[in-house]
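Spelled out from the first residue to the last, the chains are:
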Amino acid sequence: MHTLRAKMLSVVLFTAFLARGTLCAFGYTSSGGNYVVDAGSANTLVFSVSQSSCDIKSIKYRGTELQYASTGTHVNSGLGLATVSISQISGSSKYIKITCVTSTLTHYTVVREGDSTIYLATYITVEPSIGELRFIARLLPDKLPSEYPYGDVSNTNGASSAVESSDVYIVNGQTRSKFYSSTRFIDEDSHCVYGGGDVIHVCIMTPQQESSSGGPFFRDINSNNAGASTNLYNYMNSGHVQTEAYRTGLHGPYLMQFSRSGVPGVKGVDVSWFGELGVTGYVPSSGRGTVSGTATGVPSNLKGVVHFYNNAAQYWAKTGSGASFTSPPMKPGTYTMGHYRNIASTFKPASKSVFKIGEYDGQPTGFRNADKFLRMHLSDSRMSSWGPLTYTVGSSSLSDFPMAVFQSANSPVTIKFTLGSAPGAATLRIATTLSFAGSRPQATVNGWAGPVPDAPNKIDSRGVTRGAYRGYGEIYEVNIPSGKLVVGSNTITISSLSGSSGTTFLSPNFIFDCVELFTT
């Protein structure tokens, strides 16, 4: 009697273990106005999608609810109402595809049997009315409080005050913002939120951003523990330092993977089977081609990047040994090809340089606070003094030169240098990466005021205060007449010039790429 009871108890316990952590039945059911999908994976993944709005309402991984209850996981801020359908497809594997359709958008949510990953794709015919296209997973902060690879820089939980607008905050004496969780497209791998004693990582990966906008160096929000929810993003396009028109068509596939074995990598992702699903706008590898060649002219200390783009798609590749490159598989079309050195268009230094401050790499590399601004606000106490600063050629360190000039904070920057002989006419070249509020550099040489430069192309967005530096990359050249540079001590000042105004770091400003004085 006692032996039989013990055997019955062991069966009950084993059944309970199966229900929590091991293989379940692949398939879907309808319940309470939702489609409930079971991925049939060893580490169980069960999630629910609203049959009216397309919101993901519940995500259970290994039996633990991860979805924030008050707001769903969705495209943009939710589709509101959509026509939602579901189907099971058999191909090289078994798949469940949920299709959500509005008048201008079709969103796909897909699982593959035995895979604890939610695959996604979003097809648009026009840009959404909110002016950006994003996917947001809103998850529980008590289960997934931490962010990879950004740490605390974008964790705004417990904010005591706002520094700027409603998106830069003070937390424990440090400035933090969701904008500080950004990585250039060309450097993207996976970004995750994670937590728990049995550490769970939920990671978003995008194998390619062909229908996004902004090129290889665009960056946008990736994650944010906002307190009420931990948010994980895939930004497909936005007005955050927008430099080209939005692209329509299919964005994706992209994926949200659930892992107990650390951080997955995008290089290990295979989505070639997506062609079996009947997804609008998907072009399989058989309908694509590649471009190979060599792209020379980049100094050995910089990395070359080749960029292909048109109105429908964008691609890029880094140059390798011997400056060779091979593009990713590209959709058919006629493309413009760009060649960059790190980030800026290939731009050779002058052959008769008097001095050069920085490098033509399209970034404020090495300048003061350039090592910090991507992950904190410019007002943060961890920043070095913004000045106004004076840089002396031949004795100052590169970090004595500011990465940016702000009309109401540190304008002008002063450059001092000594000449053994008068060079006659010369050119001062000021290369910039990004301008805010129409700011451009105004140069004065030994009291002689250079001409007023034309206003730069307008970008209607905050930039450097949100960790952005890539704009149109305007380059200004000041032709200095003979006699203005003298034997001995010389002084050049560079100020922020604009018809607009502002306070401190929101005053008109521009970011430096490189400053060079040369003769012909």
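Residues numbered from 1 in each chain as written. Predicted model: local features only at pLDDT ≥ 70, side-chain atom pairs only at ≥ 80, totals over all residues. Heavy atoms only, no water.

Draft legend 1. Focus on the packing of aromatic side chains. In the structure shown here, the tally under the stated rule is 23 aromatic pairs. Between Tyr 61 and Phe 258, the ring centres sit 5.7 Å apart and the planes meet at 35 degrees, which makes this aromatic pair tilted. In this pair, Tyr 61 is assigned in strand S4 (residues 56-61) and Phe 258 in strand S20 (residues 249-259), connecting sequence segments 197 residues apart. With relative accessibility at 0%, the residue Tyr 61 sits in the buried group. An aromatic cluster of at least three residues, connected via ring pairs, comprises Tyr 95, Tyr 119, Trp 273, Phe 274 and Tyr 282. A cation over an aromatic ring shows up here: Arg 466 above the ring of Phe 179, its NZ or CZ 4.2 Å from the ring centre. (Phe/Tyr/Trp six-rings, centres within 6.5 Å; stacked < 30°, edge-to-face > 60°. Helix = DSSP H or I, 4+ residues; strand = E, 2+ residues; numbered from the N terminus. Buried < 20%, exposed > 50% of the residue type's maximum accessible area, 1.4 Å probe, protein only. Lys NZ or Arg CZ within 6 Å of the ring centre and 35° of its normal.)

Draft legend 2. Broad picture of the UniProt feature "domain: Rhamnogalacturonase B N-terminal" (unreviewed entry) in the protein chain. As annotated in UniProt, the feature "domain: Rhamnogalacturonase B N-terminal" (unreviewed entry) corresponds to residues 26-281 in the numbering used here. Within the segment residues 26-281, helix and strand shares are 0% and 45% respectively, and the terminal C-alpha atoms sit 27 Å apart. (UniProt positions renumbered as here; feature names shortened; annotations may be inferred.)

Draft legend 3. Molecular detail of the nonpolar core. In terms of nonpolar packing, the biggest core is built from 41 residues, with Phe 401, Met 403, Ile 415, Leu 428, Ile 494, Phe 512 and Val 515 touching the most fellow members. Every element with two or more residues in this core is listed here: strand S27 (353-358), strand S29 (404-406), strand S30 (413-419), strand S31 (426-436), strand S32 (440-445), strand S34 (475-480), strand S35 (488-497) and strand S36 (509-518). With five residues, the single largest contributor to this core is S36. (Core = buried A, V, L, I, M, F, W, Y, C linked by side-chain atoms within 4.5 Å.)

Draft legend 4. Inspection of the sheet that holds strand S1 (residues 27-31) at higher detail. An order of S1-S2-S3-S4-S5 is seen for the five strands of this open sheet, with the pairing classed as antiparallel. If you trace the sheet from one side to the other, it starts and ends with S1 and strand S5 (64-65), each paired once. Two elements, strand S3 (residues 45-50) and S4, share five bridges in a ladder whose sense is antiparallel. Bridge pairing links Phe 47 to Ile 59 in S4. (Pairing = 2+ DSSP bridges.)

Draft legend 5. Highlighting unusual backbone geometry. For the bond running from Tyr 148 to Pro 149, omega is 5 degrees, close enough to zero to count as cis. Following Ser 411, the chain continues into Pro 412 via a peptide bond in cis, with omega recorded as 5 degrees. Of note, Pro 412 is situated in the loop between S29 and S30. The phi angle at Ala 437 is positive, at roughly 60 degrees, despite the residue not being glycine. By the element assignment, Ala 437 lies in the loop between S31 and S32. Backbone geometry at Asn 446 places phi at a positive 50 degrees, although glycine is not the residue there. Inspection of the secondary structure puts Asn 446 in the loop between S32 and strand S33 (448-449). Accessibility expressed as a relative area gives 33% for Asn 446, which makes it partly exposed.

Draft legend 6. The arrangement of the pairing of strand S19 (residues 230-237) in detail. The element S19 is largely enclosed, with a buried count of eight among its eight residues. Relative to S19, strand S11 (residues 133-139) is paired through seven bridges, and the arrangement is antiparallel. When the sheet's bridge partners are listed, Phe 135 is paired in S19 with Asn 234. Sheet analysis places strand S18 (residues 223-225) next to S19, joined by three bridges and oriented antiparallel. Within S19, the position partnered with Asn 225 by the bridge is Thr 230. Two successive antiparallel strands, S18 and S19, enclose a turn made up of four residues, where Gly 227 displays a positive phi of approximately 100 degrees.

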